[in-house]
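Here is how the chains run, residue by residue.
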Amino acid sequence: MDPHSSGRTARSLETLHAMCYFVPEVEEEITALGVRRGRGAYFAGRSAAMGRVGPGPVAATFYVFSPSLVAHFVPACWEAAAPEDVLAARLRGVDAAYRRLLGDDVLASPEMAEAAALARTAAEACTPEGRALYAAHADLSWPEEPHLALFHALTLVREHRGDGHVATLLSHGLSGLESLVTHTATGTGFTVPAAQATRGYSGEQWEACAADLHRRGLLEADGSLSEEGRALRTAVETATDEAGHAPWAALGDEGADRLRTLGRPWVKQMVAGGVFPAGVLA
């Protein structure tokens, strides 16, 4: 399997993990502990594997979020709930959302058990060196139910890839905000309003960053990527695929193709079920 195919596999299965940041079931479970809604539940749910950390490690590992936004919610979230309770709440919410979106028959199917086994093979090929957020999640126990094991495996692979992506962005000279601005300029992923709102940047901060990127030759005057900017984003994605290659190489082409085939209808079903709010993704 080549790195580009690895990246394609990761992106094709992303929804089966990323749904946890959007479905109401996860937020309801976490906020029932006393954690604030919205970004509070997000920061607590995703960072809880690292323990009772402060805003510094969260801003560092999440990378594209405004540090001031992170500090508004962390460590206040740990005053409301212990990290281990947040982790249990997140998993309860994922379980409820999977059942609502896919149905109990799918969750109990041989296909789900097969997908969980394939995804675990991929996850167990990840390594922790230099990957703090992945390593924290890798220390967690594996859930027993297949759909939760699938979610956990894809979470491990996602955070492993994300840690590598952060290292790649740094090596290509892009700060967190610069990474976000250039990514939205590709026309994929978050819309600009959604990126600003969820990542905590003001319009003034965004415009100042865009103006600087224009001076550096990475953006056109209209905010679109220049030729140099497109080349930079292509280089970043290529290097990210290479850094995240190991888990999918462990599956090989046949295993990865099978996992994509199994996961494709579930991804479509989740998207059709409205897992992503309107106006968030381009």
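Here's what I pulled together on the structure shown here.

Cut-offs and rules
- Residues numbered from 1 in each chain as written.
- Predicted model: local features only at pLDDT ≥ 70, side-chain atom pairs only at ≥ 80, totals over all residues.
- Heavy atoms only, no water.
- Helix = DSSP H or I, 4+ residues; strand = E, 2+ residues; numbered from the N terminus.
- Rg over C-alpha atoms; globule rule 2.2 N^0.38 Å.
- Contact = heavy atoms within 4.5 Å.
- Areas by Shrake-Rupley, 256 points an atom, 1.4 Å probe, with all protein chains shown as cover.
- Salt bridge = Lys/Arg side-chain N within 4 Å of Asp/Glu carboxyl O.
- Buried < 20%, exposed > 50% of the residue type's maximum accessible area, 1.4 Å probe, protein only.
- Axes fitted to C-alpha atoms, helices over the stretch in contact; angles between N-to-C directions.
- Parallel < 35°, antiparallel > 145°, perpendicular 65-115°, else oblique.
- Left-handed = near helix turned anticlockwise from the far one by under 90°.
- Nonpolar A, V, L, I, M, F, W, Y, C, P; charged D, E, K, R; others polar.
- 1 Å grid on protein atoms, 1.4 Å probe; cavity = no way out; pocket = protein on both sides within 12 Å on 5 of 7 lines; lining within 4 Å.
- Points joined across faces, edges and corners; volume = space filled by probe spheres on them.

What about the overall build of the protein?
Now for step 1: When helices and strands are counted, the protein shows 17 helices and zero strands.
Now for step 2: By the compact-globule yardstick of 19 Å for 282 residues, the protein fits well, its C-alpha radius of gyration being 19 Å.
Now for step 3: Partitioning the intrachain contacts of the protein with sequence separation of at least 6 by distance along the chain shows that 75% fall at a separation of at least 24.
Now for step 4: Here the protein has roughly 12200 Å² of accessible surface; of this, 54% comes from carbon and sulfur atoms.

Re the environment of Glu220
Now for step 1: Inspection of the secondary structure puts Glu220 in the loop between helix 15 (203–215) and helix 16 (227–243).
Now for step 2: Separated by 10 residues in sequence, Glu220 and Ala210 have C-alpha atoms that sit 9.2 Å apart.

Considering the pattern of salt bridges
Now for step 1: Within the structure shown, the criterion is met by 17 salt bridges.
Now for step 2: For Arg99, the salt bridge goes to Asp95, with nearest N and O atoms at 3.0 Å. With Arg99 and Asp95 both in helix 8 (residues 83–102) and four residues apart, the pair spans about one turn of that helix.
Now for step 3: Look at Asp95 and you get buried, because its relative accessible area is 18%.
Now for step 4: With a shortest N-O distance of 2.8 Å, Arg120 and Glu124 are connected by a salt bridge.
Now for step 5: When its relative accessible area of 34% is taken as the criterion, Arg120 is described as partly exposed.
Now for step 6: By relative accessible area, which is 53% here, Glu124 ends up exposed.
Now for step 7: Linked by salt bridges that have partners in common, Asp95, Arg99, Asp104 and Glu145 make up one network.

Thoughts on the packing of helix 10 (residues 110–123) against helix 12 (residues 146–171)
The relative placement of two packed helices comes down to the angle between their axes together with the axis-to-axis distance.
Now for step 1: Viewed as axis vectors pointing N to C, helix 10 and helix 12 meet at an angle of 30°, and their least axial separation amounts to 8 Å. The orientation of helix 10 relative to helix 12 falls into the category roughly parallel. As for the relative orientation of helix 10 and helix 12, their crossing is left-handed in sense. Residue-level contacts link Met112, Ala113, Ala115, Ala116, Ala119, Arg120, Ala122 and Ala123 of helix 10 to Pro146, His147, Ala149, Leu150, Ala153, Leu154, Leu156 and Val157 of helix 12.
Now for step 2: Its residues assigned to classes, the contact of helix 10 with helix 12 shows 14 nonpolar, one polar and one charged.

Overview of empty space enclosed by the protein
Now for step 1: Counting across every chain of the model gives one cavity of 30 Å³ or more.
Now for step 2: Quantified by volume, the largest cavity comes out at close to 80 Å³.
Now for step 3: Along its surface, the largest cavity is lined by Ala10, Leu13, Glu14, His17, Leu154, Val157, Arg158, Arg161 and Trp248.
Now for step 4: For the lining of the largest cavity, the secondary structure elements donating two or more residues are helix 1 (3–13) and helix 12.
Now for step 5: When residues of the lining of the largest cavity are assigned to their parent elements, the largest contribution, four residues, is made by helix 12.
Now for step 6: Here the lining of the largest cavity is built from residues that sort into five nonpolar, one polar and three charged.

A short note on the layout of surface pockets
Now for step 1: Volume-wise, the largest pocket comes out at about 1300 Å³.
Now for step 2: If you go around the largest pocket, you meet 43 residues; those closest to its centre are Glu14, Arg158, His183, Gly189 and Phe190.
Now for step 3: For the lining of the largest pocket, the secondary-structure elements that each account for two or more residues are helix 1, helix 2 (15–18), helix 4 (39–47), helix 5 (55–62), helix 12, helix 13 (176–184), helix 14 (192–199) and helix 16.
Now for step 4: The element contributing the most residues to the lining of the largest pocket is helix 12, with eight residues.
Now for step 5: Residues belonging to the lining of the largest pocket are distributed by class as follows: 18 nonpolar, 13 polar and 12 charged.
Now for step 6: Here the second largest pocket defines a volume of roughly 200 Å³.
Now for step 7: If you go around the second largest pocket, the residues you meet are Leu87, Arg90, Leu91, His137, Leu140, Ser141, Trp142, Pro143, Phe151, His152 and Thr155.

So, the environment of Ala119
Now for step 1: The topology assignment puts Ala119 in helix 10.
Now for step 2: What makes Ala119 buried here is its relative accessible area of 1%.
Now for step 3: Those residues in contact with Ala119 that sit more than four places away from it in its chain are Leu150, Ala153, Leu154 and Leu259.

Remarks on the side chain of His137
Now for step 1: As for its position among the elements, His137 is in helix 11 (residues 132–138).
Now for step 2: Beyond its immediate stretch of four places on either side in the chain, His137 contacts Arg46, Ala49, Arg90, His152, Thr155, Leu156 and Glu159.

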